Amino acid sequence: MIVKHQFQNFKELLSSSELPLLVVFYSHVCGPSHLINSVLPEVTKQMKQELRVVKVDSEAYPDLANQYQVHPLPTLLLFKNRQLVERIEEERAENLIPVERLIQRLQSLI
């Protein structure tokens, strides 16, 4: 299940996850964000035992987006043991990673 998370403290979110956490920063007005939405359910389904996926609206949490220097949307941040281990960002929609390649990439990191 993909969680559209509302939280008071991002550090609490990181510390409460026993699995690595894939944080997907998106915007409702961003075309590529809509494209990544089509990939995330399959990623979540195939990796549910290995990874937790959380979507964060960058417009609702601009300070958090700024803290992690999220500029192109969508931006995917992978946290493992509360540490940022990978940043995946694509500015052009046609470069968005196919689901199989994204899963492969994530599995190699966790």
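For every chain, the first residue of the written sequence is number 1, and numbering continues from 1 along that sequence. At least 70 in pLDDT is required for a residue's local features to be given in this predicted model, at least 80 for side-chain atom pairs to be given and counted, and no such filter applies to totals for whole chains, interfaces and linings, which use all residues. Computation of side-chain values covers all heavy atoms of the structure but excludes hydrogens and water.

Novice: What should I look at first to understand the packing of aromatic side chains in this one?
Specialist: Where two aromatic rings form a pair, the distance of their centres and the angle of their planes describe that pair. When the centres of two rings from Phe, Tyr and Trp lie within 6.5 Å, Trp using its six-membered ring, the rings pair. Their planes under 30 degrees apart give stacked, over 60 give edge-to-face, and anything left gives tilted. Across all of its chains, the model carries 3 aromatic pairs by this definition. Seen from their ring centres, Phe10 and Tyr68 are 5.6 Å apart, and the 65° between their planes marks the pair as edge-to-face. Placement of the pair is Phe10 in helix α1 (residues 10-16) and Tyr68 in the loop between α3 (62-67) and β4 (75-80), with a sequence separation of 58 residues. One exposure class covers both Phe10 and Tyr68, and it is buried. On the basis of an interplanar angle of 85° and a centroid distance of 5.5 Å, the ring pair of Tyr68 and Phe79 is categorised as edge-to-face. Of this pair, Tyr68 sits in the loop between α3 and β4 while Phe79 sits in strand β4, and the two are 11 residues apart along the sequence. Comparing Tyr68 with Phe79, the two get one shared label, buried. Note on geometry: a ring has a charge over it if NZ (lysine) or CZ (arginine) is within 6 Å of the ring centre and within 35 degrees of the ring normal. The aromatic ring of Tyr26 is capped on one face by Lys55, whose charged end is 4.5 Å from the ring centroid. Each helix is a run of DSSP H or I of at least 4 residues and each strand a run of E of at least 2, with the numbering of both proceeding from the N terminus. When accessible area is computed with a 1.4 Å probe and restricted to protein chains, residues below 20% of their type maximum are described as buried, those above 50% as exposed, and intermediate ones as partly exposed.

Novice: Even after reading the chapter, I still don't get the confidence of the model for the protein chain, so can you show me in this structure?
Specialist: Reading predicted coordinates in detail is not appropriate for stretches of low pLDDT. For the protein chain, per-residue confidence averages 86 on the pLDDT scale, and residues scoring 70 or more make up 86% of the total. pLDDT measures how confident the predictor is about each residue, on a scale from 0 to 100. Looking across the protein chain, the model is least confident in strand β1 (residues 3-4), with a mean pLDDT of 53, and most confident in β4, with 95.

Novice: Where do I start with the side chain of Ser27 in this structure?
Specialist: Of note, Ser27 is situated in the loop between β2 (21-26) and α2 (31-46). Only heavy atoms matter for contacts: two residues are in contact if any of them lie within 4.5 Å across the pair. In contact with Ser27, other than residues within four places in its own chain, are Ser33, Asp57, Ser58, Glu59 and Leu73.

Novice: Which parts of the structure should I look at to understand helix α4 (residues 99-109)?
Specialist: Working note: α-helix, 3.6 residues per turn, so residues spaced by three or four point in the same direction. Turning to α4, its buried residues number three or more, namely Val99, Leu102, Ile103 and Leu106. Buried positions in α4, seen along its axis, are confined to an arc of 100° and lie on one side of it. Across from the buried face of α4, at angles greater than 90 degrees, the exposed residues are Glu100, Arg101, Gln104 and Ser108. Buried positions along α4 lie against β2, α2, β4 and β5 (83-89). Directions pointing from the helix axis toward each C-beta atom define the arc.

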